[in-house]
Amino acid sequence: MNIQIFGKSKCFDTKKAQRYFKERRIRFQNVDILKYPMSRGELTSVIRAVGFDAVIDPKHPDAKGLAYLAYDEQKLEHLLEDPGLLRTPIVRNGRQATVGYCPEIWKQWEEAQRTDCWAGFCPFTWW
């Protein structure tokens, strides 16, 4: 598994996601989106996986203003300019992604990876 956790350093759900993967000894890359914002391609990939509304943090003061923007491209530009508008953690596993704390989905990723390895084909192991 190639896990990336995009989050904010003071977000409790981000810390819970990190703890989830640490407890299961799954390696992940942690990225603080306030210091290192997501690229356009990364954000577009996440939006394709989970939908536009799931990515926006409803607690952010400017979140309601995004509803008045007419085009998704304008919303995307606004999210790229202000990564604080993103709901965290954003957890990516290749093209799959989740937003928020979703251990049940992460468990499915683990089981799918384990099943592939037991079937004799393990794309995550180099021989």
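Residues numbered from 1 in each chain as written. Predicted model: local features only at pLDDT ≥ 70, side-chain atom pairs only at ≥ 80, totals over all residues. Heavy atoms only, no water.

Turning our eyes to something else, we now look at the overall build of the protein. A count of helical and extended segments in the protein gives six helices and four strands. Start at the N end of the protein and walk to the C end: the helices and strands fall as β-α-β-α-α-α-α-β-β-α. For the protein, with 127 residues in total, the buried portion stands at 40%. Of the roughly 8,400 Å² of accessible surface on the protein, 51% is carried by carbon and sulfur atoms. Averaging the locations of the 20 positively and 16 negatively charged side chains of the protein gives two centres separated by 7 Å. (Helix = DSSP H or I, 4+ residues; strand = E, 2+ residues; numbered from the N terminus. Buried < 20%, exposed > 50% of the residue type's maximum accessible area, 1.4 Å probe, protein only. Areas by Shrake-Rupley, 256 points an atom, 1.4 Å probe, with all protein chains shown as cover. Lys, Arg positive; Asp, Glu negative; His and termini not counted. Charge placed at Lys NZ, Arg CZ, Asp CG, Glu CD.)

Formed by 19 residues in total, the largest nonpolar core has its most connected members in Met38, Leu43, Val46, Val55, Leu79, Leu86 and Ile90. Listed by contribution, the elements that provide at least two residues to this core are helix H2 (40-50), helix H3 (52-55), helix H4 (63-66), helix H5 (72-81) and strand S4 (96-99). Here this core takes three residues from H2, the largest share from any one element. Setting aside anything within four residues of it in sequence, one finds Val55 in contact with Leu43, Val46, Ile47, Val50, Leu85, Leu86, Arg87, Ile90 and Val99. (Core = buried A, V, L, I, M, F, W, Y, C linked by side-chain atoms within 4.5 Å. Contact = heavy atoms within 4.5 Å.)

Attention now moves to the sheet that holds strand S2 (residues 28-32). The four strands are arranged S2-S1-S3-S4 in an open sheet whose pairing can be described as mixed. Single-partner strands in this sheet number two, and they are S2 and S4. Direction aside, the axes of adjacent strands within the sheet are offset by 15° on average. Where strand S1 (residues 3-7) lies against strand S3 (residues 90-93), four bridges are found, and the strand directions are antiparallel. Note on S3: the bridge partner recorded for Gln4 is Arg92. Where helix H1 (residues 12-23) meets the sheet, it contacts S1, S2 and S3, and its direction lies at approximately 160° from that of S1. (Pairing = 2+ DSSP bridges. Axes fitted to C-alpha atoms, helices over the stretch in contact; angles between N-to-C directions.)

Quick look at the pairing of S2 now. Two elements, S1 and S2, share five bridges in a ladder whose sense is parallel. Looking across to S2, one finds that Gly7 is bridged to Asp32.

Once that is clear, we can look at H1. Spanning twelve residues, H1 covers 16 Å between terminal C-alpha atoms, matching the ideal 16 Å at 1.5 Å per step. Residues of H1 that are buried: Thr14, Ala17, Gln18, Tyr20 and Phe21. Burial along H1 is one-sided: seen end-on, the buried residues are contained in an arc of 155°. Facing away from the buried side of H1, by more than 90 degrees, are the exposed residues Phe12, Lys22 and Glu23. Backbone geometry just after H1 places Arg25 at a positive phi near 55°. (Expected span 1.5 Å × (residues − 1). Arc of directions from axis to C-beta.)

One can find Ile5 in strand S1. For the pair Ile5 and Arg48, spaced 43 residues apart in the sequence, the C-alpha separation amounts to 17 Å. Not counting residues within four places of it along the chain, the set of residues in contact with Ile5 comprises Thr14, Ala17, Gln18, Phe21, Phe28, Gln29, Asn30, Val31, Pro89, Ile90 and Val91.

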